[in-house]
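Inside the fold
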Amino acid sequence: MQKSISRIRYSTVPVVNQFPWSSWETKKKPRLLILGTGWASTTILKNLKKNQYETIVGTVEYRSLLENTRKICRHSGAHYFAASADDVDFDKKTVLAIDTDNNQVEIPYDKLVIALGARNETYGIPGVKENVHFCKTIKDARNIRDKLTTIFEKASNPIISEEERQRLLTFVVVGGGPTGVRHVKVILIQGSAHILNTFDEKISEYAEERFKRQNIKVITQAFVQSVDQKSITYKVKKPDGSMETNVTDYGLCVWSTGIAMHETTQKLSSKLTDQTHRRALNVDSGLRLIGAKDAYALGDCATIVLPNIGDLILSQCHEDMHVEELNSIINQVTEKHPQSHSFLSGLKEYIEGFGDSPIKLQELKTWFEKTAAKTTTLPATAQVASQQGYYLAKKLNKLGKYDSKDWENVEERFKNFRYNHLGNFSYVGGG
Ligand SMILES: Cc1cc2nc3c(=O)[nH]c(=O)nc-3n(C[C@H](O)[C@H](O)[C@H](O)COP(=O)(O)OP(=O)(O)OC[C@H]3O[C@@H](n4cnc5c(N)ncnc54)[C@H](O)[C@@H]3O)c2cc1C
C-alpha cells in the first residue's frame, strides 16, 4: 500500500541520497524533472516527444484524478518517482524530495517544471482544518462518501433523538463557486451577494432559483467565523448593513472556498526574488519562473505577471498619433504578452472611434488610468493548466532539439503563452 507522504514528519528525515538511476547520471540527454502529476504535468507528459529528455515525474499521488500516472509515464518514456518535493536549490539545480520510506533524495535537473497545484484556503478560521471536509483530492472525495454513509447509518438508528437526527442530516457547503455548488445538499454559505458569481448574472439567478425549488437554503453575504465538531458559526450581512451572528448545527461540512499555496510552493516563493504573490509563483508570459534559471511553473501554483502594459505602450507613443501607428504598437505588445489581448482589444475599439483624427497622449493616458484595473489574472482551472501544459510541452520539444547553450536564444524567439477561453460549465444537479 502507498504510504501517505503528506503525513511524514520532515524533521525525522535521514541522510540525503543522490538520485541513483544511471541514465540520469550519465547525462546523455538533458534531465527534465517534473513535479506533480495533475492537469498541467499530465498534459506535458502526453505531448512531450519521446527520447529528447531523460524525464522524471515526482508526485505525492500515484494517480491523477482520472488516469494512472505510471501508465502515462510509460507511454511518454518518463521515469516515475513516488516522492514529495520538499525544496529546490535553484543555484545548484537540485530538488530535495522525500520518498515513501521517508528518505531524503537529491535530484539534479537541467530543466525543472513545477506543477504542484494548490491547497484549500482556510483563511486561518478556527476549527476549519480540524472539522470540515475539503473537496480537492481523490482521498477527500472518498472521505466525504464514507462520512455520508456513516451519517445515514447513524441517522437511521431508532434510539437517537429527533434533534440529533436533524443535526446529522444537515449538510453545509461553504463556498458558492462552481465546486461548492455542485455538491450542495441543504445549506450553502457564500461570502458574496450571489453564488456562481464568476458566471453571468442570469446563470447565478437561475442556480439560486433552482436551489430554492429543491429546498436548498442559500445564505449569501455570510462569513464563517469558526467551525467546531458539530456546529458552524457565521455572520450574515443584513439589508441595513448590520451583521447578525448565526450558529447552525451540522452533520457534514464541505469546504470549497478558494485556493492557497502548498507549503513547498510557499518555501520556493520565499527564497526567490520578485516573488510577491500571496497565492502563486510569479512566472513570465513564457511560464518561466521569475528569479530562477531553467525552471518553469504552471497551473494552479503559478500566475503570469505582466509588465505594466499601459507604461509599455505609452513609452512607444508620441503626441498626435494615428490609429494605424498605434494599432501596430498594440499588435506588437499583444504578440509579446498574449494575456493582455482582451484588455488591449478594448483599447483598439476606443481608438477606432478617432477615425482619421490624431490621438492626444493625454487621451491615451486617461484611458489606461480608467481601465488598468481590468487586466485580470487567469482562473485556477484545469482548462488553463492543460493549455499551459500543452504550450510548455511544445516549447520543451523545440528546446530539446538544441544544445543547452542555445536554449536561452531559442526560447527568446518562442511565442509566449496565450490562453484560449473555451467557456465555463457548472453542474447544478438535476441531470
Ligand atoms: C472539486 C473540483 C472540481 C473542479 N472542476 C473543474 C472543472 O470542471 N473545470 C476546470 O477547468 N477546473 C476544475 N477544477 C480546478 C482544476 O482541478 C485545477 O485547476 C487543476 O487541477 C490544476 O491543475 P494543476 O496541474 O495545476 O494542479 P493539480 O491538478 O492539483 O495537480 C497538482 C499535482 O501536484 C502534486 N503535488 C502536490 N504537492 C506535491 C509535492 N510537494 N511534491 C510532489 N507532488 C506534489 C499532486 O499530488 C498533484 O499530482 C476543479 C477543482 C476541484 C477541486
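The preceding data block contains the structure.
Residues numbered from 1 in each chain as written. Predicted model: local features only at pLDDT ≥ 70, side-chain atom pairs only at ≥ 80, totals over all residues.

1. A word on the overall build of the chain
On a plain count of helices and strands, the chain comes out with 15 helices and 20 strands. By sequence separation, contacts in the chain at least 24 residues apart represent 61% of the contacts at least 6 residues apart. (Helix = DSSP H or I, 4+ residues; strand = E, 2+ residues; numbered from the N terminus. Contact = placed C-beta atoms within 7 Å.)

2. Concerning the packing of helix α11 (residues 323-336) against helix α12 (residues 341-352)
Relative to each other, α11 and α12 sit at 180 degrees, their axes nearing to 10 Å. Here α12 runs roughly antiparallel to α11, going by the angle between their axes. Along the contact surface, α11 presents Val 323, Leu 326, Asn 327, Ile 330, Val 333 and Thr 334, while α12 presents His 341, Leu 344, Leu 347, Lys 348, Ile 351 and Glu 352. Of the residues belonging to the contact of α11 with α12, the class tally is 7 nonpolar, 3 polar and 2 charged. (Axes fitted to C-alpha atoms, helices over the stretch in contact; angles between N-to-C directions. Parallel < 35°, antiparallel > 145°, perpendicular 65-115°, else oblique. Nonpolar A, V, L, I, M, F, W, Y, C, P; charged D, E, K, R; others polar.)

3. Observations concerning the nonpolar core
By size, the foremost hydrophobic cluster in this structure holds 52 residues, and its most contacted members are Ile 114, Tyr 296, Ala 297 and Cys 301. It is helix α14 (residues 382-399) that contributes the most residues to this core, 6 residues altogether. Counting 23 residues, the second-largest nonpolar core is a separate cluster that includes Ile 125, Ala 207, Ile 232 and Cys 253. (Core = buried A, V, L, I, M, F, W, Y, C linked by C-beta atoms within 7 Å. Buried ≥ 20, exposed ≤ 12 C-beta atoms within 10 Å, placed from the backbone.)

4. Looking at the packing of helix α2 (residues 39-47) against helix α3 (residues 69-76)
The N-to-C vectors of α2 and α3 enclose an angle of 30 degrees; their axes lie 8 Å apart at closest approach. By the angle class used here, α2 and α3 are roughly parallel. Along this stretch, α2 crosses α3, giving a crossing that reads as left-handed. Here α2 contributes Thr 42, Leu 45 and Lys 46 to the contact with α3, which in turn contributes Ile 72, Cys 73 and Ser 76. When grouped by side-chain class, the residues that make up the contact of α2 with α3 number 3 nonpolar, 2 polar and 1 charged. (Left-handed = near helix turned anticlockwise from the far one by under 90°.)

5. Quick look at the pairing of strand β4 (residues 79-89)
Here 6 bridges tie β4 to strand β5 (residues 94-99), and the two strands are oriented antiparallel to one another. Its bridge partner being in β5, Ser 84 is matched across the sheet by Ile 98. In this antiparallel pair of consecutive strands, β4 and β5, the connection spans 4 residues, and Lys 93 shows a positive phi of 60 degrees. (Pairing = 2+ DSSP bridges.)

6. Overview of the site of the ligand
Of all residues adjacent to the ligand, which total 29 residues, the nearest are Gly 36, Gly 38, Gly 117, Gly 299 and Thr 381. When contributions to the shell around the ligand are tallied by element, the ones reaching two or more residues are α2, β3 (54-59), β4 and α14. For the shell around the ligand, a count of residues per class yields 12 nonpolar, 14 polar and 3 charged. (Near = placed C-beta within 6 Å.)

7. Quick word on the pairing of strand β10 (residues 171-174)
Residues Phe 171 and Val 173 point to one face of β10 and Val 172 and Val 174 to the other, with burial holding for every one of them. In this sheet, strand β16 (residues 252-255) lies alongside β10 in parallel orientation, the contact comprising 4 bridges. Bridge assignment links Val 174 to a residue of β16, and that residue is Trp 255.

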